[in-house]
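Architecture at a glance
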Amino acid sequence: MLAGKSGLLNAPTGTGKTYAVWGGVVNAALRTTGSSRRRGKQIGATPGQARSDNTKGLRAIWITPLRALANEIAESAQRMCDGVGLGWTVGTRTGDTSTKERAAQKKLLPHLLVTTPESLHVMLSQKGTADLFKQLDWFIADEWHELLGSKRGVQVELALSRLKGLRPGLGIWGISATIGNIEEAMEVLQGSVGGEGGGVKYDLDGQRPVLVRSNVQKPIEMHTILPDKVEHYPWAGHLGLKLSKKLLPIIEKSTSTLIFTNTRGQAEIWYHHLLDSAPELAGVMALHHGSLDRNLREWVEQALDEGRLKAVVCTSSLDLGVDFRPVETVVQIGGPKGVARFAQRAGRSGHRPDAIPRIWFLPTHALELVEAAALREAVNGGIVEARQPMVRSFDVLVQYLVTLAVGDGFDPKRLFDEVRSTFCFSTITPEEWDWALTFITTGGKSLLAYDEFQKCVVDEDGLVRVVDRRIALRHRLSIGTIVGEAALAVKFISGGHIGTIEEYFINQLRPGDVFWFAGRSLEFVRVKDLTAYVVKSKATKGKIPSWQGGRMPLSSYMAKVLREQFNLTPQPPLPRRGGEMTLTPQTSPPAPLRRSGGGMPPSENPEMKAVQPLLDRQREHSIVPSEDELLIERFESKEGHHVVVYPFEGRLVHEALASLLAFRMSLLKPMTFSIAMNDYGFELLSDEPIPIQEAIDNDFFSETDLLDDLQRSLNATELAKRKFRDIASIAGLVFKGMPGRPVKERHMRGNSSLFFEVFSDHEPGHLLLRQAYDEAFNLQLELPRLHAVLQRIARMRIVLKEPGNFTPFAFPIIVDRLREKLTSEQLEDRIRKMTERLEKQ
């Protein structure tokens, strides 16, 4: 950095990445002030030796994805400045920054500003941006792996393209944990030059950006909480709470423990269950997730940092690089579904260079023990997933164009070159650029008659500007790409804000209903002005809020390692019951098994040892498929005729695959199906025999006509319409409302649906409409991954078994389907009867 290079720093958690990069900024600043000419003494200068840099103005921007990280980073940076005598000021600007502080920053910005992508775009919407950034030397994107692959990352790319236009010599650095495509991550951040998209960014001296990789190895110490007995018929959720008693000694032995869950609803459940199991944790255990009031979250973070809490039950709200030194142990409840997420969470413990991260895995059902074994294999092998960057996000682009137009305006020709230098828009054509300009100035072909969509004008100088102050105000309030379900504030009638809960959950409540939220038993009173008012309740039972967003699917790499675990288990010759095997022709022998680096033999793997009784029962009735086999089970019950397929590819791929297979079979014979799926497989249920053998014979798992068949089987229009709701909001077609007066969710949904239908009927080539379909197929249905799965199946032997009843692999999928119809008490009773009958058989 002292030599003026740009690049990306990749190092394990807790090895000092923040100080390393900020130290480069400080070194360069100290050299500029002339405090120490010799390079080796830059950081070593004492306060007496170094002179303050009295130059006013913004010198460095530090982007963080989490507001919670901003204050910690600012404190660390200020500590270093003070320690070496550099008279720089450090400030923060996020959604939590007070109006008073923002007003002060308008008059005089600090030397370093720690901010978020959204707040940076708000700054770009101000007048005089060229003067604002005229002394900017450095741009640092922290936790870049987290921003990459999201629309917030696209915001960073676009903001950087503008800042590079204003400051061509800008030093750009990313800080990232390890991901599978770290070189590509650096290229996305750096962008290209000369408007030639897809190239590599060079600085003024023609130097390539530098990837700095730490050689510090921080092995993760992983343990699994094993059940005393593994049930033959597992189902999601039943095992985890039973293992909570084994979790309590782990909490007791550690100074502080972070207990990660995958959803906010699960965090609420575990918090209450642990308190019921160990009342002595009251007062020393807390809850932390994104729907809680900011003041409550900050209190939890401060108490954790000061060592006053023994445990915190949390979600991804504490995933990233907050440094809580007292945390010695991390617990992961249920499968994290990805190696990178697991490693990131493990890194919250041992957050020092000399400490080892320690994480315990607590399975919520028996088959997650296989996921634990896969995680152990992947962690030992040191391989994590790639993060795919976003491309052609036109909703973010049109929002960005209006942002610049609200500020000083922009020259369309010059800005086109800047935008095309980003990775996201490296393929944008002049015609698509003209469409974007038309969209923000006239509303486009379909909205010409409506003045409110004519947001920008082209002035006499050829600059595109926003001149209407009302449009400018509404746009500044709408800047951002984080779009969620409409949420209602939850407050006590006596006063006091608790947090937010999504509108659809509150709509299910009647006055007097009790629900658990923020670790409290609350009685619902009424809704008024988009606020749910409650009082405290003494009831010990109540509903647990659930939040939209669903369950996380297995990553493709995690799925691959998971399949390998089944292939590594010893398979003794056991008697097989049920129907005969049906094999598709095999053109070549199966490839020999190759173990991933760093793994342990299956005989030494504690998780696979523990789950062996379940796998033995599976083999008795069916098979445990090898890597070159696709298992399909067919059986009949009182519910109807079942076909269960096990690709082991994650629930999103299984949802698409199930719909595709059901549609293709319906072409043979008109049929109605019910579909259920989990990360291991999917079920088709019908009231008449399912022609699965004919489907195999007719190659219904082929890629032929895949996109057309998916569109017909999944109601692609409805999927795209759901995606379009968020796109319309980001692009400014739908206004969310003024502060304290948000637009109701049903009105926003209705407005976005109306735009979708208008564009579909009158402007089918509309880029936002095309983007909705692209996101529906590529992000929601994971179309590229589905192609790869079908290619893999084409090389496999298809094994059709008729076990006569539910197998251990099929059971959790059946339960997931029943879960949607029954209450928790009814479900447990139904499952108990089913397992008793199966064990007798």
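What you see is a predicted model, and the numbers here were worked out from it, not measured in a lab.

**Regarding the overall build of the chain**
A count of helical and extended segments in the chain gives 31 helices and 27 strands. Looking at the 841 residues of the chain, the share that counts as buried comes to 56%. Look at the contacts in the chain between residues 6 or more apart in sequence, and 75% of them connect residues 24 or more apart. A total of about 35,700 Å² of accessible surface is found on the chain, and carbon and sulfur atoms cover 50% of it.

**With respect to the side chain of Glu782**
As for its position among the elements, Glu782 is in the loop between helix H28 (767–780) and helix H29 (783–794). Ignoring any residue separated from it by four or fewer positions in sequence, one finds Glu782 in contact with Leu652, Val653 and Phe777.

**So, helix H17 (residues 430–442)**
An ideal rise of 1.5 Å per residue puts 18 Å on 13 residues; H17 measures up with 18 Å between its terminal C-alpha atoms. Looking only at H17, the buried set comprises Glu432, Trp433, Trp435, Ala436, Leu437, Phe439, Ile440 and Thr441. In this structure, the buried residues of H17 make contact with helix H15 (394–406), helix H16 (412–420), strand S15 (464–465), helix H26 (716–731) and H28. A positive backbone phi angle near 90° is found at Gly443, which sits one or two residues after H17.

**Structural notes on the sheet that holds strand S13 (residues 358–362)**
A sheet is described by the order of its strands in space; here six strands give the open sequence S8-S13-S12-S9-S11-S10, paired in parallel fashion. Edge positions in the sheet fall to strand S8 (221–224) and strand S10 (285–288), since each of these pairs with one other strand and no more. Ignoring which end each strand starts from, the neighbouring axes of this sheet average 20° apart. Inspection of the sheet shows S8 paired to S13 by four bridges, in the parallel sense. Note that in S13 the partner of His223 across the bridge is Trp360. Here helix H12 (residues 294–305) sits on the sheet in contact with strand S9 (256–260), S10, strand S11 (311–314) and strand S12 (327–333), set at roughly 135° to S10.

**Some details on the packing of aromatic side chains**
Under the defined criterion, the tally for this structure stands at 20 aromatic pairs. On the basis of an interplanar angle of 45° and a centroid distance of 5.5 Å, the ring pair of Phe416 and Trp433 is categorised as tilted. Remark: Trp433 occurs in helix H17 and Phe416 occurs in helix H16; sequence separation between them is 17 residues. Taken as a pair, Phe416 and Trp433 share a single burial class, namely buried. Aromatic rings pair up to connect Tyr450, Phe453, Phe724, Phe755, Phe756, Phe759 and Tyr773 into one cluster. Between Arg526 and the ring centre of Tyr533, over which it is positioned, the NZ or CZ distance is 5.4 Å. A cation over a ring is seen here: Lys536 above Phe492, with NZ or CZ 6.0 Å from the ring centre.

**Some points on the pairing of strand S23 (residues 674–677)**
Judged from the four bridges that link them, S23 and strand S24 (residues 682–686) form a sheet pairing that is antiparallel. Within S24, the position partnered with Ile675 by the bridge is Leu684. Linking S23 back to S24 in an antiparallel pair, the connection comprises four residues.

**A word on H15**
Helix length check: H15 (13 residues) gives 18 Å between terminal C-alpha atoms against 18 Å at 1.5 Å per residue, within 8%. Among the 13 residues of H15, 13 are classified as buried, and the element is accordingly described as predominantly covered.

**Focus on unusual backbone geometry**
Here Arg392, not a glycine, exhibits a phi torsion of approximately 55°, which is positive. Its place among the elements puts Arg392 in the loop between helix H14 (368–381) and H15. Although it is not a glycine, Phe648 sits at a positive phi angle of roughly 55°. In this structure Phe648 comes out as buried when scored by relative accessible area, which is 4%.

**What to know about the side chain of Thr116**
Within the fold, Thr116 resides in the loop between strand S4 (112–115) and helix H4 (117–124). With relative accessibility at 4%, the residue Thr116 sits in the buried group.

**Focus: the nonpolar core**
In this structure, Phe133, Phe139, Trp144, Leu397 and Leu733 are the most contacted members of the largest nonpolar core, which totals 77 residues. Considering each element in turn, this core owes the most residues, 10 residues, to H15. Contact partners of Trp144, with chain neighbours within four places excluded, come to Leu8, Gly153, Val156, Ile175, Ala185, Val188 and Leu189. The next biggest cluster of nonpolar side chains, apart from the first, holds 65 residues, and it includes Ala303, Leu304, Val339 and Met834.

**Overview of the environment of Asp616**
By the secondary structure assignment, Asp616 is in helix H22 (residues 612–621). With 192 residues separating them along the chain, Asp616 and Pro808 place their C-alpha atoms 9.7 Å apart.

**Here's the deal with the packing of helix H23 (residues 651–668) against H29**
Where H23 meets H29, the closest approach of the two axes is 10 Å, and the angle between their N-to-C directions is 65°. The two elements H23 and H29 meet at a crossing, and its hand is right-handed. Here Val653, Ala656, Leu657 and Leu660 of H23 lie close against H29, whose contacting residues are Arg785, Leu786, Val789, Leu790 and Ile793. For the contact of H23 with H29, the per-class residue count stands at eight nonpolar, no polar and one charged.

**Observations regarding the sheet that holds S23**
Pairing is mixed in the open sheet, where five strands are placed in the order S23-S24-S22-S21-S27. Each having just a single partner strand, S23 and strand S27 (797–801) make up the two edges of the open sheet. Here the strands of the sheet are splayed against their neighbours by 20° on average, with no regard to which way each runs. Here strand S21 (residues 629–637) pairs with S27 via five bridges, running parallel. Within S27, the position partnered with Leu630 by the bridge is Ile798.

**Let's talk about the pattern of salt bridges**
On inspection of all chains with the given rule, the structure shows 36 salt bridges. A salt bridge links Asp131 to Lys134, with the shortest nitrogen-to-oxygen separation between them at 3.0 Å. On the accessibility criterion, Asp131 (51% relative accessible area) is exposed. In this structure, Lys151 and Asp395 form a salt bridge, with 2.6 Å as the shortest nitrogen-oxygen distance. Placement of Lys151 in helix H7 (residues 151–166) and of Asp395 in helix H15 is noted, with a sequence separation of 244 residues between them.

**Looking at the pairing of strand S16 (residues 487–492)**
Looking down a regular strand, the side chains alternate between one sheet face and the other. In this sheet, strand S17 (residues 497–502) lies alongside S16 in antiparallel orientation, the contact comprising five bridges. Paired with Ala489 across the bridge in S17 is Thr500. The antiparallel pairing of S16 with S17 creates a hairpin that spans four residues between the two strands, and Gly495 there sits at a positive phi of about 110°. For S16 and strand S20 (residues 531–536), the ladder comprises four bridges, and the chain directions are parallel. Within the sheet, the bridge partner assigned to Val490 lies in S20 and is Ala532.

Conventions we followed
- Residues numbered from 1 in each chain as written.
- Predicted model: local features only at pLDDT ≥ 70, side-chain atom pairs only at ≥ 80, totals over all residues.
- Heavy atoms only, no water.
- Helix = DSSP H or I, 4+ residues; strand = E, 2+ residues; numbered from the N terminus.
- Buried < 20%, exposed > 50% of the residue type's maximum accessible area, 1.4 Å probe, protein only.
- Contact = heavy atoms within 4.5 Å.
- Areas by Shrake-Rupley, 256 points an atom, 1.4 Å probe, with all protein chains shown as cover.
- Expected span 1.5 Å × (residues − 1).
- Pairing = 2+ DSSP bridges.
- Axes fitted to C-alpha atoms, helices over the stretch in contact; angles between N-to-C directions.
- Phe/Tyr/Trp six-rings, centres within 6.5 Å; stacked < 30°, edge-to-face > 60°.
- Lys NZ or Arg CZ within 6 Å of the ring centre and 35° of its normal.
- Core = buried A, V, L, I, M, F, W, Y, C linked by side-chain atoms within 4.5 Å.
- Left-handed = near helix turned anticlockwise from the far one by under 90°.
- Nonpolar A, V, L, I, M, F, W, Y, C, P; charged D, E, K, R; others polar.
- Salt bridge = Lys/Arg side-chain N within 4 Å of Asp/Glu carboxyl O.

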